[in-house]
Number of protein chains: 2
Amino acid sequence: MSVTAPENVRRVACVGTGVIGGGWTAHFLARGYDVTAWDPASDAGERVRRIVASAWPALEQLGLADGASPDRLTITATLADAVADAQFVQESAPEELTLKRELLADLDAATADDVVIASSTSGYPMTDMQTHAARPQRLVVGHPFNPPYLIPLVEVVGGELTDRWAVEWASAFYMAVGKSVITMDREVPGFIANRLQEALWREALHMVAEGEATVADIDASITEGPGLRWAFMGPCLTFALAGGEGGMAHMLDQFGPSLTLPLTRLEAPELDDALRAAMIDGCADAAGDRHYAQLVAERDQGVIDVLRATGRLPQPRKA
Amino acid sequence: MSVTAPENVRRVACVGTGVIGGGWTAHFLARGYDVTAWDPASDAGERVRRIVASAWPALEQLGLADGASPDRLTITATLADAVADAQFVQESAPEELTLKRELLADLDAATADDVVIASSTSGYPMTDMQTHAARPQRLVVGHPFNPPYLIPLVEVVGGELTDRWAVEWASAFYMAVGKSVITMDREVPGFIANRLQEALWREALHMVAEGEATVADIDASITEGPGLRWAFMGPCLTFALAGGEGGMAHMLDQFGPSLTLPLTRLEAPELDDALRAAMIDGCADAAGDRHYAQLVAERDQGVIDVLRATGRLPQPRKA
């Protein structure tokens, strides 16, 4: 087995070319790769070319890699043709476990065992998906966010039968193609961001179901509220700032009791000493040598910049 | 009773001047109001002036109202002095129900009954807080987001004993001072944004407690992922886009089954026909006459703008 180094990959295959697979295709093309793509839908070729064409102006704005071109996309008639010469495979089939299991087994059979195959699944642990593959050791989750050609995050995690090298290879490869990578060392259904996003989403569905809020209320409550901060400062550090100069410790002491309130349908964990310490230490690490006043100034500038960038503030006056 | 029209208010009182109350103080000063402030802490005056001074550069960037000045802040020795001439009172005391009940009763006793008193509470329904007040009809929740001088959202809702005019007056007043207002017609603990935020936060605490993710992972998973979109497009409409040209209907049909997966510790509601229709109709309303391709282009431009505004992309090349 002679694994291609992540930075030497030139040809990738995208299997499944809906919104996510098509978005991956656009991303890899913009980064200068040859991309082969396959999807069982009869109009797959037309659809993926439309996604790429729609994304290209944004990708040009971001700056294309040398030689990047939509013309380096090849739509193949069969799955085997798509992956035959690929040095990496990104699977983005619909979110059905049986389908994923069979497709990953087919991909496994059609590729050399030194090729890493990543699934875009938004929730299934690889352990549950790699059951039918003969050589499951190179199967990983590489979970992107829509649109994959713009949102940096990819969550990488293996299953019980995945070799460590494949997880490390995938993380290095995604970093080489310009993604922000979180490598997880254990499987959790939904990974990290999707669990957080899904918790918010389920609560939103409850509120609509109960008539407590409309879709418009929910969207406005985020874009006019916490969402403005989350574009550049995560929920932990923003909550630490809500604790004032006392930081996360003060925030937990002040709002800890409200974890017992029915503020969502999600039951909260017990805020014991270990969890309290983990939250406080994590925020201290995130802050580094930035004191409260500096973090506040950075956050304020961030909110202003985001408000201005999204057209909600006038441009600054020229001096 | 002769209520001051919301747009004619000139003097507001901020009671409780921690991070939130101090932030409100800065906001009202920047919008050109006379502000009286009171807090029982011995260093309250110094602290609120420090918050205002720290916020002022950001507020100057946003553009101050004519005549706005930090000098128009008066720190009073007593609660009664703070509210005596105020045409609006913003209460931002610590999140303790007993304290809020007593403080709101004191504020009620110290003000004319045509003055609206709003609580910054992040979770308590006004019905639970207005129990001790003699004239509870003008007590409302006006829930801001940190920092109140930058994040536009305020959620307004009354309690069972609140008159409708007070809710409408508060909504109009907050709009007059430049906030984005969501007026709720029923009480839900946590209101809207905080329920959504709290669901995410509780799941984050679970993940840290279980060792599934670090504080750094959680923050990065949002700022590099969904948070980039939420600054300008809410969770419903972004999920509708994940459904491709099929929109929210396709998204719900594709991901509906995953509501039964243990993707968070929050139990999901049943996706029945009524909920499905409410989500789809709400997203159709949000999209208006913008078709999928236009929404995708807007989202892409938004992500690029936010990435650039928050220093994660180079400035565009000059032509």
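What you see is a predicted model, and the numbers here were worked out from it, not measured in a lab.

Talk me through the overall build of chain A; I want residue IDs and the actual numbers.
Each helix and strand counted, chain A has 13 helices and eight strands in total. Computed over C-alpha atoms, the radius of gyration of chain A comes to 22 Å, within 12% of the 20 Å expected from 2.2 N^0.38 for 319 residues, which places it in the range of a compact globule. Along the first, second and third principal axes, the C-alpha atoms of chain A reach 60 × 55 × 45 Å. Classification of the 319 residues of chain A by burial places 57% in the buried group. Taking the intrachain contacts of chain A between residues at least 6 apart in sequence as the baseline, contacts between residues at least 24 apart amount to 68%. Looking at chain A as shown, the accessible area adds up to about 12000 Å², and 50% of this sits on carbon and sulfur atoms. In chain A, which carries 25 positive and 44 negative side-chain charges, the distance between the mean positions of the two groups comes to 6 Å.

Please set out the sheet that holds strand 1 (residues 11-15) of chain A residue by residue, giving values where relevant.
Residues and elements named next belong to chain A. One open sheet accounts for eight strands, arranged 3-2-1-4-5-6-7-8; its pairing is mixed. Of all strands in the sheet, those with a lone pairing partner are strand 3 (73-75) and strand 8 (180-183), marking the two edges. Neighbour to neighbour, the strand axes of the sheet diverge by 25 degrees on average, direction disregarded. Where strand 1 and strand 4 (residues 88-91) come together, four bridges link them in parallel fashion.

Kindly report on the environment of Thr-223 of chain B, identifying the contributing residues and their values.
Here Thr-223 of chain B lies in helix 8 (residues 215-223). In this structure, the C-alpha to C-alpha distance between Thr-223 of chain B and Ala-44 of chain B, residues 179 residues apart in sequence, is 34 Å. Residues contacting Thr-223 of chain B, with those up to four places away along its chain left out, are Trp-230, Ala-231, Phe-232, Met-233 and Gly-234 of chain A together with Leu-228 and Arg-312 of chain B.

An account of the packing of helix 13 (residues 292-309) of chain A against helix 13 (residues 292-309) of chain B is requested, with residue identities and associated values reported.
Helix 13 of chain B packs onto helix 13 of chain A with a crossing angle of 150 degrees between their chain directions and a minimal axis gap of 9 Å. Between helix 13 of chain A and helix 13 of chain B, the angle is such that the two are roughly antiparallel. Where helix 13 of chain A crosses over helix 13 of chain B, the handedness of that crossing is right-handed. On the side of helix 13 of chain A, the interface is formed by Asp-305, Val-306 and Ala-309 of chain A, while helix 13 of chain B contributes Asp-305, Val-306 and Ala-309 of chain B. Looking at the contact of helix 13 of chain A with helix 13 of chain B residue by residue, the class counts come to four nonpolar, no polar and two charged.

Which residues make up the sheet that holds strand 2 (residues 34-38) of chain B, and what are the values?
Residue and element names in this part refer to chain B. One open sheet holds the eight strands; their spatial order is 3-2-1-4-5-6-7-8, and the pairing between them is mixed. Looking at which strands have only one partner, the edges of the open sheet turn out to be strand 3 (73-75) and strand 8 (180-183). Taking each pair of neighbouring strands and ignoring which way they run, the sheet shows an average axis angle of 25 degrees. Both strand 4 (residues 88-91) and strand 5 (residues 116-119) contribute to a ladder of four bridges, which runs parallel. Paired with Glu-91 across the strands is Ser-119, a residue of strand 5.

Can you explain the relation of the copies chain B and chain A? Please cite residues and give values.
The transform that puts chain B on chain A rotates by 180 degrees and translates by 0.0 Å along the axis, for an RMSD of 0.0 Å. Taken together, the turn and the small shift mark the pair as related by a two-fold rotation axis. When each C-alpha of chain B is compared by its distance to the rotation axis, Leu-266 of chain B comes out closest, at 2.1 Å. Taken as a fraction of all interface residues of chain B, those also at the interface in chain A reach 99%, which identifies the copy contact as same-surface.

Tell me about the interface of chain B and chain A, and please be specific about residues and values.
Taken together, the 116 residues of chain B in the interface contact 116 residues of chain A. Together, the buried faces of chain B and chain A total about 10200 Å²; carbon and sulfur atoms form 67% of this surface. At the surface where chain B touches chain A, the tally comes to two salt bridges. The residue Arg-195 of chain A makes a salt bridge to Glu-203 of chain B at a minimum N-O spacing of 2.8 Å. Taken together, the links from chain B to chain A amount to 35 residue pairs in polar contact (both at pLDDT 80 or more). It is helix 7 (residues 193-209) of chain B that provides the largest number of residues to the side of chain B that touches chain A, a total of 16 residues.

Which residues make up the pattern of salt bridges, and what values go with them?
This model, assessed by the stated rule, comprises 32 salt bridges over all chains. Its salt-bridge partner being Glu-198 of chain A, residue Arg-202 of chain A comes within 3.1 Å of it at the nearest N-O pair. Of this pair, Arg-202 of chain A and Glu-198 of chain A both sit in helix 7 (residues 193-209), four residues apart, which is roughly one turn of the helix. With relative accessibility at 2%, the residue Arg-202 of chain A sits in the buried group. Of the charged contacts in the structure, one is a salt bridge between Arg-265 of chain B and Glu-212 of chain B, with a shortest N-O distance of 3.0 Å.

Account for the domain arrangement of chain A, with residues named and values stated.
As assigned here, chain A comprises domain 1 (6-183) and domain 2 (225-309). Computed from C-alpha coordinates alone, the two centres of domain 1 of chain A and domain 2 of chain A are separated by 34 Å.

Account for the UniProt feature "domain: 3-hydroxyacyl-CoA dehydrogenase C-terminal" (unreviewed entry) in chain A, with residues named and values stated.
As recorded in UniProt, the sites labelled "domain: 3-hydroxyacyl-CoA dehydrogenase C-terminal" (unreviewed entry) are residues 190-258 of chain A. As annotated, residues 190-258 of chain A has a helix share of 70% and a strand share of 0%, and its two end C-alpha atoms lie 26 Å apart.

So what's going on with helix 13 of chain B? Which residues, and what values?
In this model, helix 13 of chain B (18 residues) spans 25 Å end to end at C-alpha, consistent with the 26 Å of a helix rising 1.5 Å per residue. For helix 13 of chain B, the complete set of buried residues consists of Leu-295, Val-296, Arg-299, Asp-300, Gly-302, Val-303, Ile-304, Val-306, Leu-307 and Arg-308 of chain B. Residues of helix 13 of chain B that are buried make contact with helix 2 (44-62) and helix 13 of chain A together with helix 9 (226-230), helix 10 (235-242) and helix 12 (273-287) of chain B.

Run through the pairing of strand 6 (residues 139-143) of chain A, naming residues and quoting values.
The side chains of a regular strand alternate between the sheet's two faces. Residue and element names in this part refer to chain A. Most of strand 6 is tucked away: five of the five residues are buried. On strand 6, burial covers both faces: Leu-139, Val-141 and His-143 on one face and Val-140 and Gly-142 on the other are all buried. Pairing of strand 5 (residues 116-119) with strand 6 involves three bridges; the strand directions are parallel. Note that in strand 6 the partner of Ser-119 across the bridge is Val-141. With four bridges joining them, strand 6 and strand 7 (residues 153-158) adopt antiparallel strand pairing. Paired with Val-141 across the bridge in strand 7 is Val-157.

Reading the values: the criteria
Residues numbered from 1 in each chain as written. Chains lettered and ligands numbered in written order. Predicted model: local features only at pLDDT ≥ 70, side-chain atom pairs only at ≥ 80, totals over all residues. Heavy atoms only, no water. Helix = DSSP H or I, 4+ residues; strand = E, 2+ residues; numbered from the N terminus. Rg over C-alpha atoms; globule rule 2.2 N^0.38 Å. Buried < 20%, exposed > 50% of the residue type's maximum accessible area, 1.4 Å probe, protein only. Contact = heavy atoms within 4.5 Å. Areas by Shrake-Rupley, 256 points an atom, 1.4 Å probe, with all protein chains shown as cover. Lys, Arg positive; Asp, Glu negative; His and termini not counted. Charge placed at Lys NZ, Arg CZ, Asp CG, Glu CD. Pairing = 2+ DSSP bridges. Axes fitted to C-alpha atoms, helices over the stretch in contact; angles between N-to-C directions. Parallel < 35°, antiparallel > 145°, perpendicular 65-115°, else oblique. Left-handed = near helix turned anticlockwise from the far one by under 90°. Nonpolar A, V, L, I, M, F, W, Y, C, P; charged D, E, K, R; others polar. Least-squares fit on C-alpha atoms with pLDDT ≥ 70 in both. Buried area = accessible area lost by both parts, 1.4 Å probe. Salt bridge = Lys/Arg side-chain N within 4 Å of Asp/Glu carboxyl O. Polar contact = N/O pair within 3.5 Å; in protein donor to acceptor, adjacent residues only side chain to side chain. Domains from an automatic or database assignment. UniProt positions renumbered as here; feature names shortened; annotations may be inferred. Expected span 1.5 Å × (residues − 1).

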